[in-house]
Amino acid sequence: MLVKFYGTRGSVPVCTPDFQEFGGNTTCLCIKDKETNSIAVIDAGTGIRELGKDLIESKHKQDEIFIAFTHFHWDHIQGFPFFAPAFNKKQKINILALGWGKQITCLKDIFKTQMQKEFFPVQLEKMGAKFKFMLLKETKRVFKTQAKRPKPVIVKTNKHRHPGGVYGYRIELDGKAMVFCTDVEHLNSIDKKVVKLAERADLLIHDAQFTDEELKKKRGWGHSSFSQAIEVAERANVKMLALTHHDPDHDDGFLRKMEKKCQHRFKDSFLAREKMEIEL
Ligand SMILES: [Zn+2]
Ligand SMILES: [Zn+2]
């Protein structure tokens, strides 16, 4: 699989010049099956706008596009009204909230509210694409992709600590595993459930919004420190670690320094940059 970061910034997009290396758009991840060329998306932060443009420019054809959500905070949904394929009448888009079943009454309402006339000129029903809202109680689902692919895609989720709740995702395809744990708080010790979800992953993408010092003042904000992310990677024996959800006050120079420190402790780690692509 190919994993591409379209948004790596946490909380709010930033556009000042000293934030361009790591990127200013908020969370959006695209996962591509190299064999079938089909994609799946996790979260629709402002980065999804660029993804939409890329899909149209490359004349990408896919009957149904899945957009899975970790949770629905602004920085993870803000780009949704600007996702160009959602305005194509022929496009089917499945909005997936795996595991969320019991905690939301209506998944469609979240997006309908976001696009109500006071907030946005085009309402959800007028966008064009055929939406299917999949609010599921189960935390694991096996997706059969195209006939030419013998192995299915296994998607697992797990609820983690974050204001309002968040779900981490584990995607397994052709014996490779990618785990995405953003917006997660560990409190005094590392959350064992996060370690379990990340167990032996080829790539773990983990929240690293704060330094340890900052975290002391930001208990309850729902995020991790760089060193906590590394601790999860070490305990879970992952092959590669990508740190993401960069704080909107951490500029390129600061993040570059943090990346060096992280690599000193965990060799195969890096800070996620917008449009960076990782092949697994
Ligand atoms: Zn966030
Ligand atoms: Zn959040």
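That block above? That's the structure.
Residues numbered from 1 in each chain as written. Chains lettered and ligands numbered in written order. Predicted model: local features only at pLDDT ≥ 70, side-chain atom pairs only at ≥ 80, totals over all residues. Heavy atoms only, no water.

**Quick word on the coordination of the zinc ion (ligand 2)**
Phase 1: For the zinc ion (ligand 2), the protein coordination sphere consists of His71 (NE2), His73 (ND1), His162 (NE2) and Asp183 (OD), at 2.1 to 2.4 Å.
Phase 2: If you look at the zinc ion (ligand 2), its four donor atoms make angles of 89 to 171° with each other, and the shape they trace is irregular.
Phase 3: Each donor residue of the zinc ion (ligand 2) belongs to the same chain, with the gaps between them written as H-x1-H-x88-H-x20-D.
Phase 4: The zinc ion (ligand 1) is placed at 3.6 Å from the zinc ion (ligand 2), the two being bridged by Asp183. Of this pair, His71 sits in the loop between strand 4 (64-68) and helix 2 (74-77) while Asp183 sits in the loop between strand 10 (176-181) and helix 4 (192-198), and the two are 112 residues apart along the sequence. For the pair shown, His71 and Asp183 are each scored as buried. (Donors = N, O, S within 2.8 Å, 3.2 Å for Na, K, Ca; no water. Tetrahedral: all angles 85-135°; square planar, octahedral: opposite > 155°, others 65-115°. Helix = DSSP H or I, 4+ residues; strand = E, 2+ residues; numbered from the N terminus. Buried < 20%, exposed > 50% of the residue type's maximum accessible area, 1.4 Å probe, protein only.)

**Some remarks on unusual backbone geometry**
Phase 1: A positive phi angle is found at Asp43, which is not glycine, with a value near 70°.
Phase 2: Mapped onto the secondary structure, Asp43 falls in the loop between strand 3 (39-42) and helix 1 (48-57).
Phase 3: Positive phi outside glycine occurs at Arg200, with the angle close to 55°.
Phase 4: Mapped onto the elements of the fold, Arg200 is located in the loop between helix 4 and strand 11 (203-207).
Phase 5: When its relative accessible area of 55% is taken as the criterion, Arg200 is described as exposed.

**Digging into the pattern of salt bridges**
Phase 1: Counted by the stated rule, this structure contains 18 salt bridges.
Phase 2: Between Glu138 and Arg141 there is a salt bridge, and its shortest N-O distance comes to 2.9 Å.
Phase 3: With a closest N to O distance of 3.1 Å, Arg265 and Glu234 form a salt bridge. With Arg265 in helix 7 (residues 252-265) and Glu234 in helix 6 (residues 226-235), this residue pair connects regions lying 31 residues apart in the sequence. (Salt bridge = Lys/Arg side-chain N within 4 Å of Asp/Glu carboxyl O.)

**Brief notes about the coordination of the zinc ion (ligand 1)**
Phase 1: Taken together, the protein donors to the zinc ion (ligand 1) comprise Asp75 (OD), His76 (NE2), Asp183 (OD) and His245 (NE2), at separations of 2.1 to 2.2 Å.
Phase 2: For the zinc ion (ligand 1), the four donor atoms are set out with angles of 90 to 161° between them, so the coordination reads as irregular.
Phase 3: In primary sequence terms, the donor set of the zinc ion (ligand 1) follows D-H-x106-D-x61-H.

**Points about helix 7**
Phase 1: With 14 residues, helix 7 ought to run about 20 Å at 1.5 Å a step, and its terminal C-alpha atoms sit 20 Å apart, in line with that.
Phase 2: Residues Asp252, Leu255, Met258, Glu259 and Cys262 constitute the buried set of helix 7. When helix 7 is viewed along its axis, its buried side chains cluster within an angular range of 120° and face the same direction. Pointing more than 90 degrees away from the buried face of helix 7 are the exposed residues Lys257, Lys260, Lys261 and His264.
Phase 3: On its buried face, helix 7 is in contact with helix 6, strand 12 (241-244) and strand 13 (269-271). (Expected span 1.5 Å × (residues − 1). Arc of directions from axis to C-beta. Contact = heavy atoms within 4.5 Å.)

**A closer look at the sheet that holds strand 4**
In a beta sheet, neighbouring strands are held together by backbone hydrogen bonds and run either parallel or antiparallel to one another.
Phase 1: Spatially, the seven strands line up as an open sheet ordered 6-5-4-3-2-1-14, and their pairing is mixed. A strand with exactly one partner marks an edge of an open sheet, and here the two such strands are strand 6 (130-136) and strand 14 (277-279). With strand direction ignored, the average angle separating the axes of adjacent strands in the sheet is 20°.
Phase 2: Sheet analysis places strand 4 next to strand 5 (residues 92-98), joined by five bridges and oriented parallel. In the strand pairing of strand 5, Phe66 is matched with Asn94.
Phase 3: With respect to the sheet, helix 3 (residues 107-114) is in contact with strand 5 and strand 6, its orientation differing from that of strand 6 by roughly 130°. (Pairing = 2+ DSSP bridges. Axes fitted to C-alpha atoms, helices over the stretch in contact; angles between N-to-C directions.)

**As for the packing of helix 6 against helix 7**
Phase 1: Axis separation between helix 6 and helix 7 bottoms out at 11 Å; the angle between their running directions is 30°. Regarding the angle of helix 6 to helix 7, the classification is roughly parallel. Here helix 6 and helix 7 pass one another in a crossing that is right-handed. Taking contact as the criterion, the partners of Phe226, Ser227, Ile230, Glu231 and Glu234 in helix 6 are, on helix 7, Leu255, Met258, Cys262 and Arg265.
Phase 2: Across the contact of helix 6 with helix 7, the residue classes tally to five nonpolar, one polar and three charged. (Parallel < 35°, antiparallel > 145°, perpendicular 65-115°, else oblique. Left-handed = near helix turned anticlockwise from the far one by under 90°. Nonpolar A, V, L, I, M, F, W, Y, C, P; charged D, E, K, R; others polar.)

**Here's the deal with the pairing of strand 10**
Phase 1: With five of its six residues buried, strand 10 lies for the most part within the structure.
Phase 2: Both strand 9 (residues 166-173) and strand 10 contribute to a ladder of five bridges, which runs antiparallel. If you follow Tyr169 over to strand 10, its bridge partner there is Phe180.
Phase 3: Following strand 9, the chain reverses through two residues before pairing antiparallel with strand 10; Asp174 in that reversal takes a positive phi of roughly 50°.
Phase 4: Taken together, the four bridges between strand 10 and strand 11 define a ladder with parallel strand orientation. Its bridge partner being in strand 11, Met178 is matched across the sheet by Leu203.
Phase 5: Following the chain from strand 10 across helix 4 to the adjacent parallel strand 11, one finds a crossover that is right-handed. (Right-handed = clockwise from strand over helix to strand, strands pointing away.)

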